[in-house]
Amino acid sequence: MTEPEVLPPPDHRPPAHVVMSDDGITFDGKMKDERPLGGAESAFAELAEALAGRGHLVEVHCRCEAPLVWKGVRWTPLDDSRSLGIPPTADLYIANRSNHLIGQCARAGSRIFWIHNPAGYLLKWRYQWPLFRYRPTIVFSGASHLGTYPRCAAGGSRVIIPYGITPLFLGASPRETIPPPRAIFLSNPLRSLDWLLDVWTERIRPKVGNAELHIFAGSSIYGAIGAAKAERMAPILDRAANLAEAGVILRGPVAKSRLVEEIGQARVFLYRGDIGETFCNAAAEPQAMGLPGVVEDIACMKERVEDGKTGFVVKGQTAFAAAAVRLLTDDALWRQMHAESLERQGRWTWQHAAAAFEKLMVNRG
């Protein structure tokens, strides 16, 4: 496997004081390691830990349940004060997602607004006003993500920093044996799982009679937000649970440590993609472990899968099914794409992402 590029070390000035804030669901770094967690929350925690690992003093203010120090990061619950308990100074301040966080940490040396969804929602006045007033650097996950925000809209500079790959998914060795025809689905059930079940039952399983589709999905990953969407997810998950005769096995969400084991037993990941995706861990993490996949050419998916090398990027059910059948049955093709995935897809880590965030700091004495 090709080694990742050598990271620049942190500079020789005193460690930076980094403050990060989030006002979404309840989570912290320990929770990330012990149970299933959404992609944006996992990314936030991974970046905090990577910055701490590079020698910086990192404190996070969010809706965590209690104060906690985890992997060098100090986690503190937001309070009910006007400042939410966020300190007024930092070398680097990273506000995550929420409009009312942008202007906190009034004397930050550098101010960043990190977003994780298509940026159309930023055109609402409650976002445009603080973006115009404070002009933070806005961090996007990729080119397609950046393209969702008009050039004329408010804000400071715009920077692309992709998510890193969680260390658990790095360093996999080439597999010695060909895996059985087992496919996995790792995303939100509302992101075209019903579409995939149609393709599986009508076009894939009839051609690969012993194939299995294991679904690691459910509402619990998304906290209170997931609970609110559980009613919409229920009929899709119920349908999956009733397709055992078609080789569909509903497994539910699992912690990342367990997911590593499951990826190591699978042969391919299948995911249509979704217009709401801006990075897609569900595609990035399996490939880093050498698992090729099939996706549709939607939003950022062609940025995650290298078509013809680490999997297939296709259009339509017919092409999707044909590519899936090939990967489930063609051992030579699978070995080739397995090797290419290991070679190409684990090079950008959270340490690389942290180094990119470091470069956004200015005026440090």
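Criteria and cut-off values
- Residues numbered from 1 in each chain as written.
- Predicted model: local features only at pLDDT ≥ 70, side-chain atom pairs only at ≥ 80, totals over all residues.
- Heavy atoms only, no water.
- Buried < 20%, exposed > 50% of the residue type's maximum accessible area, 1.4 Å probe, protein only.
- Helix = DSSP H or I, 4+ residues; strand = E, 2+ residues; numbered from the N terminus.
- Pairing = 2+ DSSP bridges.
- Phe/Tyr/Trp six-rings, centres within 6.5 Å; stacked < 30°, edge-to-face > 60°.
- Patch = residues over 30% accessible without salt bridge, like charges linked within 9 Å, V, L, I, M, F, W, Y side chains within 5 Å.
- Areas by Shrake-Rupley, 256 points an atom, 1.4 Å probe, with all protein chains shown as cover.
- Salt bridge = Lys/Arg side-chain N within 4 Å of Asp/Glu carboxyl O.
- Core = buried A, V, L, I, M, F, W, Y, C linked by side-chain atoms within 4.5 Å.
- Contact = heavy atoms within 4.5 Å.
- Axes fitted to C-alpha atoms, helices over the stretch in contact; angles between N-to-C directions.
- 1 Å grid on protein atoms, 1.4 Å probe; cavity = no way out; pocket = protein on both sides within 12 Å on 5 of 7 lines; lining within 4 Å.
- Points joined across faces, edges and corners; volume = space filled by probe spheres on them.
- Nonpolar A, V, L, I, M, F, W, Y, C, P; charged D, E, K, R; others polar.

Q: An account of the pairing of strand β14 (residues 311-314) is requested, with residue identities and associated values reported.
A: On β14, burial covers both faces: Gly 311 and Val 313 on one face and Phe 312 and Val 314 on the other are all buried. Sheet topology note: the strand β13 (residues 293-296)/β14 ladder contains four bridges and is parallel. Bridge assignment links Val 295 to a residue of β14, and that residue is Val 313.

Q: Residue-level account of the packing of aromatic side chains, with values.
A: Summed over the entire model, instances satisfying the criterion amount to 15 aromatic pairs. Each ring, one from Phe 27 and one from Trp 75, has its centre 5.8 Å from the other, and the planes form 75 degrees; the classification is edge-to-face. Of the two residues, Phe 27 is situated in the loop between β1 (17-22) and α1 (29-34) and Trp 75 in strand β4 (residues 73-77); the sequence distance between them amounts to 48 residues. For Phe 27, a relative accessible area of 0% gives the class buried. Both rings, one in Phe 113 and one in Tyr 127, keep their centres 6.4 Å apart while their planes meet at 40 degrees; by these two values the pair is tilted. Of this pair, Phe 113 sits in strand β6 (residues 107-114) while Tyr 127 sits in helix α3 (residues 125-134); the two residues are 14 residues apart in sequence, bridging distant segments of the chain. On the accessibility criterion, Phe 113 (0% relative accessible area) is buried. Following the ring pairs from residue to residue traces out a cluster consisting of Trp 114, Tyr 163, Phe 279, Trp 350 and Phe 357.

Q: Explain a nonpolar patch on the surface to me, and be specific about the residues and the numbers.
A: The grouping of Trp 125, Trp 129 and Phe 132 at the surface amounts to a nonpolar patch, some 430 Å² of accessible area in total. Along the chain, Trp 125 falls in helix α3.

Q: Account for the environment of Gln 336, with residues named and values stated.
A: In this fold, Gln 336 is placed in helix α11 (residues 331-344). Separated by 176 residues in sequence, Gln 336 and Ile 160 place their C-alpha atoms 30 Å apart.

Q: Give me the pattern of salt bridges: which residues, what numbers.
A: Per the stated rule, a full pass over the model turns up 20 salt bridges. Here the salt bridges do not stand alone but share partners, grouping Lys 32, Asp 33, Glu 46, Glu 49 and Lys 71 into one network.

Q: Tell me what's going on with the nonpolar core, and back it up with residues and numbers.
A: The biggest cluster of nonpolar side chains holds 98 residues, and the ones touching the most others in it are Met 20, Ile 94, Trp 114, Leu 270 and Val 294. Counting residues per element, this core draws most heavily on helix α2 (residues 39-53), at nine residues. In this structure Met 20 touches Phe 44, Leu 47, Ala 48, Leu 51, Val 58, Glu 59, Val 60, His 61 and Ile 94, once residues within four positions along its chain are discounted. In terms of nonpolar packing, the next biggest core, distinct from the first, is built from 22 residues, Leu 78, Cys 105, Leu 122 and Ala 153 among them.

Q: A description of the sheet that holds β4 should follow, citing residues and the corresponding values.
A: Spatial strand order, β3-β4-β2-β1-β5-β6-β7-β8: eight strands in an open sheet with mixed pairing. At either margin of the open sheet sits one strand with a lone partner, and together these are β3 (68-70) and β8 (158-160). Geometrically, the sheet is characterised by an average inter-axis angle of 25 degrees between neighbouring strands, direction not taken into account. Pairing analysis gives three bridges linking strand β7 (residues 137-140) to β8, with the strands arranged parallel. Residue Val 139 lies in a different strand from β8, and its bridge partner there is Val 159.

Q: Hey, could you go over empty space enclosed by the protein for me, with residue numbers and the actual values?
A: In total, this model carries two cavities of 30 Å³ or more according to the counting rule given. There is about 40 Å³ of room inside the largest cavity. Lining the largest cavity we find Ser 42, Ala 43, Glu 46, Gly 164, Thr 166, Lys 256, Asn 281, Glu 285 and Trp 350. If you list the elements that add at least two residues to the lining of the largest cavity, you get α2 and α8 (281-288). The element contributing the most residues to the lining of the largest cavity is α2, with three residues. For the lining of the largest cavity, the class distribution of residues is two nonpolar, four polar and three charged. Each pocket or cavity is described by its volume, and for the second largest cavity that value is around 30 Å³. Looking at the lining of the second largest cavity residue by residue, the class counts come to seven nonpolar, one polar and no charged.

Q: Describe unusual backbone geometry, naming the residues involved and giving the relevant values.
A: Unusually for a residue other than glycine, Lys 71 sits at a positive phi of about 50 degrees. Locating Lys 71 in the fold gives a position in the loop between β3 and β4. The backbone phi angle of Arg 97 is positive, close to 75 degrees, even though this residue is not glycine. By the secondary structure assignment, Arg 97 is in the loop between β5 (89-96) and β6. According to the relative accessible area criterion, Arg 97 is buried, its value standing at 17%.

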